[in-house]
Amino acid sequence: MLAFILQRLLALVPLLFIVSLLVFSLVLLIPGDPAYMLAGESATPEEIAEIRSDMGLDDPVLLQYARWTGGVLRGDLGTSLFSDQPVLEVLLERLPVTLSLAFAAILVSLLVSIPAGVIAGTRPGSLADRLVTLGASTGLAIPNFWLGLMLILVFAIWNGWLPATGYVPLTEHPGAWLRHILLPAITLGLSAAAILTRQLRGAMIDVMNQDYIRTARAKGLAWRGVVLKHGLKNAAIPMVTILGLQANYLLGGTVIVEQIFGMPGLGQLAVASVFTRDLPMIQGVVIMAVFVAVFVNLLVDISYGYFNPKVRPQ
Amino acid sequence: MSEPNAAALDQLGASVSARRRFLRRFLRQRPALYALGFLVLLALGAVFAPWVAPHDPLAQNLDRVLEAPSFDHFFGTDELGRDVASRTLFAARISLLAAFQAVVIALLIGVPPGLVAGLFGGQTDNLIMRITDALMSFPPLILAVAIIAVLGPSLTNAMIAVGILLSPTFLRLMRGTAMAVAQETYVEAARSIGCSQSWIITRHILPNVVSPLFVQISVFAGVAMLAEAGLSFLGLGAQPPDSSWGAMVGRGFRYISHSPSLIVFPGLAIAVTVLAFYVLGDGLRDSLGREVRREQ
Amino acid sequence: MSAPLLEVEDLAVEFLTDHGWVRVVDGVSFSVGAGETLGLVGESGSGKTVTSLSVMQLIPRPPGRIAGGSIRFEGRELLGLPEHELEALRGEAIAMVFQESMTSLNPAFTIGDQIGEVVRRHRGVSRREARVRALEVLELVQIPDPEARIDAYPHEFSGGMRQRAAIAMALACDPKLLIADEPTTALDVTVQAQVLDLLRSLQQRLGMGILFVTHNLGVVADLCDRVTVMYAGRIVETANVFDLFEGPQHPYTEGLLQAMPQLGERGKRLAAIPGTPPMPWQMPDGCRFHPRCPYAEAACAQQDVMLTELGEGRSARCRRVHELDLKGAE
């Protein structure tokens, strides 16, 4: 098992190398003089010169890259141009917000998609199946920011059942955390739920036609047990793969959802940094997000072995 | 009894070209046809908006702000008393054009390297796929925000970012087809007698990839529209005075408790249009031959 | 003869197809006694597998349905029994082994898990006791080193070992009736012989009845006491195995026997039956075999043919059963 994880980690090295090149080259993409752009239009020549020397923009590109990567590897992501705080410090402060939102969203998507996909996939063509399929297509088409606003409208403004904005850390007050995270998690999780439902439905239809389902029935197991034990574990194999992809999308989606619900996470930070032109902060957010995404996919890879013994490392 | 007829029909079908079979199957997909009809109507409505819209989308009327839907103003009015229905119709121009832009950019970025990777293989293929994998490991919207941060917030820049995000799928599709075709014996034979790469591309790869490409384009038009709406909602896409559906929702957010119709209607417009693109894509996919679908 | 364990009478099974409800099993009757092996023989599409699945009421519904007849197990009518009572019988009193061990075992669970599951379902025992029983039956089917193999997954087994494991699973609750649907067809010839030997010795030790479904008459000769031959959804002949091989009473049985490779007869051409079996939605009028029958007369295409009782449990569905002198296996 350990060897398997190490092997996966090693395989990540070239990927992360290319990622670092791409993130670094964001600076090179800036049209015109980066220092001028970063300093803003009202900057004095002195300020521009300061940024120029701060960021080492006069050095050769390769040296800049080496310096930047060296910093990243040591955990030095630079300093915010906006607040002068170390980037990493700000990121770590905001990471738990984004992570708890993303995980709550994954939970919501699983809670919705597993029953829906199983019901639709075991009775293809039935009324329930058609309703689920229609719901999934609609769920894919609804923009999540719009869904979020509708939820705010109904549950916060009209009924006042849940808060419209804000965030309370889980460690501070679990009940308040739940009340604050519920609407954002539904907003973020529902499109993932739509994709997972479609996937699970298809896999379930496929699996339920397999011979081993008939064998399980021949053993005298009840329909429900056959579906939930023999069907679901096999249908979960393709679903786990999709879940890994969805983790990426969910992290991306936090950008919008955090903005709507006023949650102080990485996504909100990214949008704010666009307007403050805080490039080191943007780079930091991207690096952190990729790091989390890669880590989640590693977890998915490992859990894959549980569902599919054929790929389990010997 | 109907068997021999069906068999005869199949025989007949085999002699008709693949594209005509595709078209025939597509014409049987009722939901997809409705979706296509809706999209055509929407496009016409957008093009002829100045003649079709009930009001001037920019005409302000400060006596009648934030009104609920009424007979004069089907979708109500906004914070400056402008007609939301007319604004929604005009915003369709921006939203549709932006989705189109993003897909074209994705095709331009994705197709050529996909062809190169599939045809040449080896180290070239390896390098291209590594970069593609890296690109796909970014959480998409965060990457888009980063690209916009660098290029500056504007609709075109936002669509460049979305195009970059969508390109890997086109790249993989082209690569897969090119690889499959390049391994066919007749292509190897053609190459051995000195036929050029461009001949192989135009005669063998493009015809094979056209139908699956259309499926992907249709689905991605929906994805691009959603992405544009999200970015414009955040203020990173369409900038005033231009207004897309997403930007309308973003502005309406401020008045959510006074006038929900400001966000309800443009949001519905996005959802229905995106759904139409998806349904069209599904219909196109189902019209592909079984053989093609299995490769997908 | 032993007391009947399973009695199937006038069974009819239909499937919903593009051609409407199509009858794929029509008026099938047979019985299996305790400790007896009945071979149910026919080409693919003859309805033999559907018949065997119907006994357990495992035909997929939709599109299938049992349209009529009676299935009695130890005198008790199974058709119309509530689902939970059927479930209590399945895997307990009646067990089944399928053709493809690769696909009929669940790839996501260990062999021991899958055997233990059936014991826990019917015996209500603990996980540990179920494992002990799983080890016992794995030993019974002669899987070497069962202690080590019990935690393996199906893909880690060879084809023959997987089929032994599937048999072990079927035997875990000491069933009175074992339904085996082509259990050796997917196996290599040598492995096939081993599995057949195993089944024969298990039956002698455990005394269960076996309904053995196959297209292979050679296997039937090896294992079965009596044979029922099916063609196009109907029974065409029933006889004990020696009588059938010595003197078939239906031209289709004769054709099957002639198509069987004989040991020690090199260079002799195998006589294949000309033509193909009819599709269930376009059954020929009259005798369903007449378009392929070398002995067919004009009258064979006219009227339906009933089964003729020939005494001593023999019967055949042929108009000319008393005129023809058919060739048996040499």
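Small disclaimer: the values here were computed from a predicted structure and weren't measured.

Undergrad: Would you mind going over the sheet that holds strand β1 (residues 4-17) of chain C with me for this structure?
TA: Across a sheet, paired strands are connected by hydrogen bonds in the backbone, their directions being either parallel or antiparallel. All names here are of chain C. What the four strands build is an open sheet, ordered β2-β1-β4-β5; its pairing is antiparallel. Two strands bound the open sheet, and with one partner strand each, they are β2 (20-33) and β5 (76-77). Most of the contacts of helix α1 (residues 48-55) go to β1, to which it runs at about 115°, and overall it touches β1, β2 and β4 (64-73).

Undergrad: When you look at the interface of chain C and chain A in this model, what are you seeing that I'm missing?
TA: How large an interface is tends to be reported as the accessible area lost when its parts come together. Taken residue by residue, the interface counts 22 residues in chain C and 18 residues in chain A. Contributing elements (two or more residues each) for the side of chain C that touches chain A: α2 (83-89), α3 (101-104) and α4 (111-123) of chain C. Sort the elements by how many residues they give to the side of chain C that touches chain A and α4(C) lands first, with four residues. When the residues that make up the side of chain C that touches chain A are grouped by side-chain class, the tally is ten nonpolar, six polar and six charged.

Undergrad: Explain the environment of Pro277(C) to me, please; I cannot follow it from the model alone.
TA: All names here are of chain C. Position of Pro277 among the secondary structure elements: in the loop between α11 (251-258) and β11 (308-311). By the C-beta count within 10 Å, which is 20 here, Pro277 ends up buried. Considering only alpha carbons, one finds Pro277 and Pro291, 14 residues apart in sequence, at a separation of 9.2 Å. In this structure, Pro277 is in contact with Glu43, Gly45, Ser46 and Ala232, ignoring residues within four places of it in sequence.

Undergrad: For this particular structure, what's the right way to read the pairing of strand β7 (residues 177-181) of chain C?
TA: On a regular strand, one side chain projects to one face of the sheet and the next to the other, so that they alternate. Residue and element names in this part refer to chain C. Most of β7 sits inside the fold, with five of its five residues counted as buried. Of the two faces of β7, the one lined by Leu177, Ile179 and Asp181 and the one lined by Leu178 and Ala180 are each fully buried. Sheet topology places strand β6 (residues 94-97) next to β7; four bridges connect them, and they run parallel. Across the sheet, the residue bridging to Ala95 is Leu178, located in β7. Note: β7 against strand β8 (residues 209-214), five bridges, orientation parallel. Each bridged residue has a counterpart across the sheet, and for Ile179 the counterpart in β8 is Leu211.

Undergrad: When you look at the interface of chain A and chain B in this model, what are you seeing that I'm missing?
TA: Between chain A and chain B, the contact holds 41 residues from the first and 37 residues from the second. Taken together, the elements giving at least two residues each to the side of chain A that touches chain B come down to α1 (2-24), α2 (26-29), α7 (127-141), α8 (144-158), α11 (223-260), α12 (266-276) and α13 (279-307) of chain A. Looking at the side of chain A that touches chain B residue by residue, the classes come out as 34 nonpolar, seven polar and no charged.

Undergrad: Would you explain the sheet that holds strand β3 (residues 37-41) of chain C in this entry?
TA: Residue and element names in this part refer to chain C. Taken together, eight strands build an open sheet; the order of strands is β6-β7-β8-β3-β9-β10-β12-β11 and the sheet is mixed. At either margin of the open sheet sits one strand with a lone partner, and together these are β6 and β11. In this sheet, adjacent strand axes meet at a mean angle of 20° when their direction is disregarded. The strands touched by helix α7 (residues 159-171) within the sheet are β6 and β7, with β6 carrying the most contacts at an inclination of about 170°.

Thresholds, definitions, all that
- Numbers given for residues are sequential positions, taken from 1 along each chain in its written order.
- Key to labels: chains lettered from A, ligands numbered from 1, both in the order written.
- Since the coordinates come from a predicted model, pLDDT governs what is reported: local features require at least 70, and pairs of side-chain atoms require 80 or more to be given and counted, while whole-chain, interface and lining totals use all residues.
- Each pair of strands is called paired provided DSSP finds at least two bridges between the two strands.
- Secondary structure elements are taken from DSSP: a helix is a run of H or I of four residues or more, a strand is a run of E of two residues or more, and numbering for both begins at the N terminus.
- Two residues form a contact once the distance between their C-beta atoms, set from the backbone, is within 7 Å.
- Angular values range over 0 to 180 degrees, each being the angle between N-to-C directions of two axes fitted as lines to C-alpha atoms, with helices fitted over their stretch in contact.
- Polarity classes work like this: nonpolar for Ala, Val, Leu, Ile, Met, Phe, Trp, Tyr, Cys and Pro, charged for Asp, Glu, Lys and Arg, and polar for all others, with Gly in that last group.
- Three exposure classes are used. Buried residues have 20 or more other C-beta atoms within 10 Å of their own C-beta, exposed residues have 12 or fewer, and partly exposed residues fall in between, all C-beta atoms being placed from the backbone.

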